[in-house]
Structure formats: C-alpha cells, structure tokens
Amino acid sequence: MSEPNFGFRPGEVILITGAGSGIGRSAALLASAQGLQVSAWDLNEAGLDETARQIRVSGGEVHTVLGDVSAPDVVAQGIESAIAELGPVRYLHNNAGPSAGAPLGFEEALRISVGSVRTLTEAWAGSGLPKGAAMVVTSSVAGNLVGTEVDWYSASKAGLMGYVRHLAAHRAAEFRSNGVAPGMTDTPRLQGFAESARGQAVLERIPLRRMASPDDIANAVLFLLSPLASYINGVFLPVDGGWTVTQ
Ligand SMILES: NC(=O)c1ccc[n+]([C@@H]2O[C@H](COP(=O)([O-])OP(=O)(O)OC[C@H]3O[C@@H](n4cnc5c(N)ncnc54)[C@H](O)[C@@H]3O)[C@@H](O)[C@H]2O)c1
C-alpha cells in the first residue's frame, strides 16, 4: 500500500515525546515515512535507540533526546539541540505520559502528566515557530468520557484537554492545538490485556471488536497535525473503535 499523502513538506520537523515505544514510536516512523525529520524524545534509552535505528534504516533523519520530559532542563536543552540539528520545529506531539499503573501520588502525577506538556509546549512556542505550526496531545477517553479507578489518571487526561482548549482559544495565532483520545491500544503497557478476562469483557463492548493498533492512533495524530487539518483547532478526537458510544 502506498503512503497516504498528509500534505507535509519534506524536511519539516516534528518533535515527539515518548517516541521509544507504542504510539510515539508509530508516530515517529509514520512521520518519517512522510518525509518529516523527527526529533524523538524518551527516557528509555533502548527504546529510543530502536526507534532511531528504524528511522535511519529506512533513510530518514532523526535526532534524539534521552531524558525525562517532566524535567525543565531536559526540555530547554532538548528544544535547543533539536533546532540546532534539524531546524525550527513546526509540529509537536506531546505524547509521553505515565501508565495508570505507575506508583505516583496525585500531585506528582499531575505535575508529570500535565505540567510537562505545558513546559514543553511553552518552550516550543518560544522557540520561533514556523507558519502553520500545530500541536497534538495524546489525551485519552479516560477522564474525558470514562472514569478510571486511578484518580490522577482521569484527572490528568481531562486536564490535558482543558489545557488544549485554552491553547486553541488563546494561542491560535501561533499554532493549532488538538487532542487525540485513544481507547484500548495495543502497546507494551497493555501487554496481555486483550487475553485477560477484563480485556475480553472490554473488547465485547468495542463495536470494532479489537484494540487499536499504535498506527491507528498515530495516523489520527498526523492528520490533526497536518495541513489537511488546517481548520481543526481545539477538538477532542476519540480513536476508540466506537467503545465509548456503547458505554
Ligand atoms: N495504550 C493505551 O491503551 C492508551 C490509551 C489512552 C491513552 N494512552 C496514552 O498514550 C501515550 C503513549 O502511551 P503508549 O500506550 O504508547 O505507552 P508505551 O509505554 O508503549 O510508551 C510510552 C513511552 O513514553 C515514555 N515516557 C513515559 N514517561 C516519560 C517521560 N516523563 N519522559 C520521557 N519519556 C517518557 C516511555 O519510556 C515509553 O517509551 C500515553 O500518554 C498514554 O497515557 C495510551
């Protein structure tokens, strides 16, 4: 199958956090296949190296930042080095976020999940954005359409959409902002879920009867970032196989 044409110009730069696994890796590989240069960020060195390797093997350009996106110095230095190496960053995919299973307290989790997105978005916005810049957050159906058992996970994913709506309303002269909301997505953090009794029960309520693949989510992210979506600003886009309409 030939690559879909999202209308990106070859050589433009996309920055993706959490690019060492799952949805972020898919977004990085699909973006590279579109001719974009990728600044891939992750705190997991092995995962990040593997994403970079796959991009290089297919002839793409990649720059990596190994570090925790919730650390402001990592963000400041990362943006600086991305621009020095690849040029101005037009597209930002704020994707990294802790798993609901992470042993975090409420305030710390919100600082990491929501605070890091604000810190990076502000640093990016202050870096001299090219015209047509756009940002997408990986939010979730959690918090926005369904309540999770873990309090901070729902609060942070809903909080991210609140931040997106603020940006869409007040920063549109600089960049467009949207949120993608995966449902159950087959990434390493949900390994074994589809086979579990709980997973089977969830799958029965998903009209498409399968989990999302990471590419299902990444394609929606690329669309929202792309010139094809140039009049889409402030939306919450569930990519959940229809799961939430059956709730
Ligand atoms: N998998 C799902 O079903 C699902 C559903 C809804 C939303 N999401 C969201 O999608 C995003 C990606 O999740 P995934 O399923 O691809 O998970 P994943 O675990 O496969 O990948 C996440 C990557 O992010 C990195 N990361 C995490 N925190 C980081 C930090 N502070 N700094 C730098 N890197 C960091 C991890 O090292 C990992 O490589 C997350 O925000 C998650 O909440 C996932």
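The text that follows walks through the structure, step by step, so that each part is easy to find.

Calculation rules
Residues numbered from 1 in each chain as written. Predicted model: local features only at pLDDT ≥ 70, side-chain atom pairs only at ≥ 80, totals over all residues. Heavy atoms only, no water. Core = buried A, V, L, I, M, F, W, Y, C linked by side-chain atoms within 4.5 Å. Buried < 20%, exposed > 50% of the residue type's maximum accessible area, 1.4 Å probe, protein only. Helix = DSSP H or I, 4+ residues; strand = E, 2+ residues; numbered from the N terminus. Contact = heavy atoms within 4.5 Å. Phe/Tyr/Trp six-rings, centres within 6.5 Å; stacked < 30°, edge-to-face > 60°. 1 Å grid on protein atoms, 1.4 Å probe; cavity = no way out; pocket = protein on both sides within 12 Å on 5 of 7 lines; lining within 4 Å. Points joined across faces, edges and corners; volume = space filled by probe spheres on them. Nonpolar A, V, L, I, M, F, W, Y, C, P; charged D, E, K, R; others polar. Near = heavy atom within 4 Å. Polar contact = N/O pair within 3.5 Å; in protein donor to acceptor, adjacent residues only side chain to side chain. Sits in = over half its atoms within 2 Å of the grid points. Pairing = 2+ DSSP bridges. Right-handed = clockwise from strand over helix to strand, strands pointing away.

### Details of the nonpolar core
Most often, soluble globular proteins have nonpolar side chains that are buried together.
Okay, so step 1: Ranked by size, the top nonpolar core spans 38 residues in total, and within it Leu-15, Trp-41, Leu-120, Trp-124, Met-135, Phe-175 and Met-184 carry the most contacts.
Okay, so step 2: Looking at this core, the elements with two or more residues in it are β1 (13-17), α3 (72-86), α4 (106-125), β5 (134-138), α5 (151-170) and α6 (197-204).
Okay, so step 3: Ignoring sequence-local partners within four residues, the contact set of Leu-120 consists of Leu-15, Thr-17, Trp-41, Val-69, Val-75, Ile-79, Leu-92 and Asn-94.
Okay, so step 4: If you look at the next biggest cluster of nonpolar residues, it comprises 30 residues, including Ala-28, Leu-36, Ala-52 and Leu-224.

### Thoughts on the packing of aromatic side chains
Okay, so step 1: With the rule as written, the count across this model stands at 4 aromatic pairs.
Okay, so step 2: Ring geometry for Phe-6 against Phe-8: centres 6.1 Å apart, planes inclined by 40°, an arrangement best described as tilted.
Okay, so step 3: Ring centres of Trp-152 and Tyr-153 lie 5.9 Å apart, and the angle between their planes is 70°; this geometry places the pair in the edge-to-face category. The burial state of Trp-152 is the same as that of Tyr-153; both residues are buried.
Okay, so step 4: Following the ring pairs from residue to residue traces out a cluster consisting of Phe-6, Phe-8 and Tyr-91.

### Examining empty space enclosed by the protein
Okay, so step 1: What the rule picks out here adds up to 2 cavities of 30 Å³ or more.
Okay, so step 2: Considering only enclosed or pocket space, the largest cavity measures out at about 40 Å³ in volume.
Okay, so step 3: If you trace the largest cavity, you find it lined by Ala-96, Gly-97, Pro-98, Ser-113, Trp-152, Tyr-153, Ser-156, Lys-157 and Leu-160.
Okay, so step 4: The dominant element in the lining of the largest cavity, judged by the number of residues it contributes, is α5, at 5 residues.
Okay, so step 5: Of the residues that constitute the lining of the largest cavity, the class distribution is 5 nonpolar, 3 polar and 1 charged.
Okay, so step 6: The volume enclosed by the second largest cavity comes to roughly 30 Å³.
Okay, so step 7: In terms of lining residues, the second largest cavity is bounded by Thr-17, Val-69, Asn-94, Asn-95, Ala-96, Ser-116, Val-117 and Leu-120.

### Description of the site of the ligand
Okay, so step 1: By nearness alone, 27 residues border the ligand, and Ser-21, Asp-42, Asn-95, Tyr-153 and Thr-187 come closest of all.
Okay, so step 2: Ile-23 is positioned such that a nitrogen or oxygen atom in its backbone is 2.8 Å from an oxygen atom of the ligand.
Okay, so step 3: Take Asp-68: an N or O atom from its side chain is 2.9 Å from a nitrogen atom of the ligand.
Okay, so step 4: The pocket occupied by the ligand, as judged from atoms lying within 2 Å of grid points, is the largest pocket.

### Observations regarding the pairing of β1
Okay, so step 1: β1 sits mainly inside the fold: 5 of its 5 residues count as buried.
Okay, so step 2: Here β1 shows no split at all, with Val-13, Leu-15 and Thr-17 on one side and Ile-14 and Ile-16 on the other all buried.
Okay, so step 3: Pairing analysis gives 5 bridges linking β1 to strand β2 (residues 37-42), with the strands arranged parallel. Residue Thr-17 lies in a different strand from β2, and its bridge partner there is Trp-41.
Okay, so step 4: As for the winding sense of the linkage, the β-α-β connection from β1 through helix α1 (residues 22-33) to β2 is right-handed.
Okay, so step 5: In the sheet, β1 pairs with strand β4 (residues 91-94) via 3 bridges, with the strands oriented parallel. Paired with Leu-15 across the two strands is Leu-92, which belongs to β4.

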